[in-house]
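Close look at the chain arrangement
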Amino acid sequence: MQNSFYREVITEHNLRPSHKTPVDDPDITLRGVNPSCGDDITLGLKIRDGRITEGGFTGEGCAISQASADMMLDLVIGKETEEALRLADIFLRMIRQEAGEEEIEELEEAGFLTDVSHMPARVKCAVLGWHTLENMIRNFRKE
Ligand code: ZN
């Protein structure tokens, strides 16, 4: 059951991604690459008063990398950058099997990717978007 849900969610986000489109005039963009699989995405964000108001990604990659980036944007658009970093941290800990159940629930659909923590070969695919998001927000705040 869990497994078929997982597959369904991934398939759905690949067939009909909500955020696979470039952002017009983004405040920050960053490319993230996972050479071990060939995933190569570029994230763009608009940030107003510390809040992510728009986000999108472009690029290519496997189903997990694309679905994970799409779910991540579903989750973080409209949130403050601080909150987005907190959620990214939960996601990265979830993949290392270090997050609690309540925390995983906060990730909404992205929580289905908890199964990836049992698939070492796919971990880098799942975390690519989240690592990229973390890096770009950290760089942005330093400026
Ligand atoms: Zn991949």
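Note: the structure precedes this text.
About the criteria used
Residues numbered from 1 in each chain as written. Predicted model: local features only at pLDDT ≥ 70, side-chain atom pairs only at ≥ 80, totals over all residues. Heavy atoms only, no water. Helix = DSSP H or I, 4+ residues; strand = E, 2+ residues; numbered from the N terminus. Rg over C-alpha atoms; globule rule 2.2 N^0.38 Å. Buried < 20%, exposed > 50% of the residue type's maximum accessible area, 1.4 Å probe, protein only. Contact = heavy atoms within 4.5 Å. Areas by Shrake-Rupley, 256 points an atom, 1.4 Å probe, with all protein chains shown as cover. Lys, Arg positive; Asp, Glu negative; His and termini not counted. Charge placed at Lys NZ, Arg CZ, Asp CG, Glu CD. Donors = N, O, S within 2.8 Å, 3.2 Å for Na, K, Ca; no water. Phe/Tyr/Trp six-rings, centres within 6.5 Å; stacked < 30°, edge-to-face > 60°. Pairing = 2+ DSSP bridges. Axes fitted to C-alpha atoms, helices over the stretch in contact; angles between N-to-C directions. Expected span 1.5 Å × (residues − 1).

1. Regarding the overall build of the protein chain
Within the protein chain one finds five helices and three strands. A compact globule built from 143 residues would reach a C-alpha radius of gyration of about 15 Å, and the protein chain, at 14 Å, matches this within 12%. Looking at the 143 residues of the protein chain, the share that counts as buried comes to 45%. For the protein chain, restricting intrachain contacts to residue pairs at least 6 apart in sequence, the fraction spanning at least 24 positions comes to 59%. In the form shown here, the protein chain has an accessible surface area of approximately 7,500 Å², with 47% of it arising from carbon and sulfur atoms. Distance between charge centres in the protein chain, computed from 16 positive and 27 negative side chains, equals 5 Å.

2. Describing the coordination of the zinc ion
Coordination sphere of the zinc ion, protein contribution only: Cys 37 (SG), Asp 39 (OD), Asp 39 (OD), Cys 62 (SG) and Cys 125 (SG), at 2.2 to 2.6 Å. Written as a sequence motif, the donor residues of the zinc ion are C-x1-D-x22-C-x62-C. Of this pair, Asp 39 sits in strand S2 (residues 39–48) while Cys 125 sits in helix H5 (residues 123–142), and the two are 86 residues apart along the sequence. Neither residue differs from the other here; Asp 39 and Cys 125 are each classed as buried.

3. Regarding the packing of aromatic side chains
Within a pair of aromatic rings, the relevant descriptors are the distance that separates the centres and the angle that separates the planes. If you walk through the whole model with that rule in mind, you get two aromatic pairs. Between Phe 5 and Phe 112, the aromatic rings sit 5.2 Å apart at their centres with planes inclined by 35°, giving tilted as the arrangement. Of the two residues, Phe 5 is situated in helix H1 (residues 2–15) and Phe 112 in the loop between helix H4 (101–106) and H5; the sequence distance between them amounts to 107 residues. Relative accessible area serves as the criterion here: at 36%, Phe 5 is assigned to the partly exposed category. Look at Phe 112 and you get partly exposed, because its relative accessible area is 21%.

4. Quick notes on the sheet that holds S2
Taken in spatial order, the three strands of this open sheet run S1-S2-S3, and their pairing is antiparallel. Each edge of the open sheet carries a strand with a single partner, namely strand S1 (28–34) and strand S3 (51–60). The mean inter-strand angle of the sheet, taken between neighbouring strand axes irrespective of direction, is 20°. Here S1 pairs with S2 via seven bridges, running antiparallel. The residue of S2 that forms the bridge with Arg 31 is Thr 42.

5. Some remarks on helix H2 (residues 63–76)
Taking 1.5 Å per residue as the helical rise, H2 with its 14 residues ought to reach 20 Å, and the 20 Å between its terminal C-alpha atoms agrees with that figure. When you tally the buried positions in H2, you get 12 out of 14 residues, the bulk of the element. Buried within H2 we find Ile 64, Ser 65, Gln 66, Ala 67, Ser 68, Ala 69, Asp 70, Met 71, Met 72, Leu 73, Leu 75 and Val 76. Of the residues trailing H2, Gly 78 is marked for its positive phi of about 95°.

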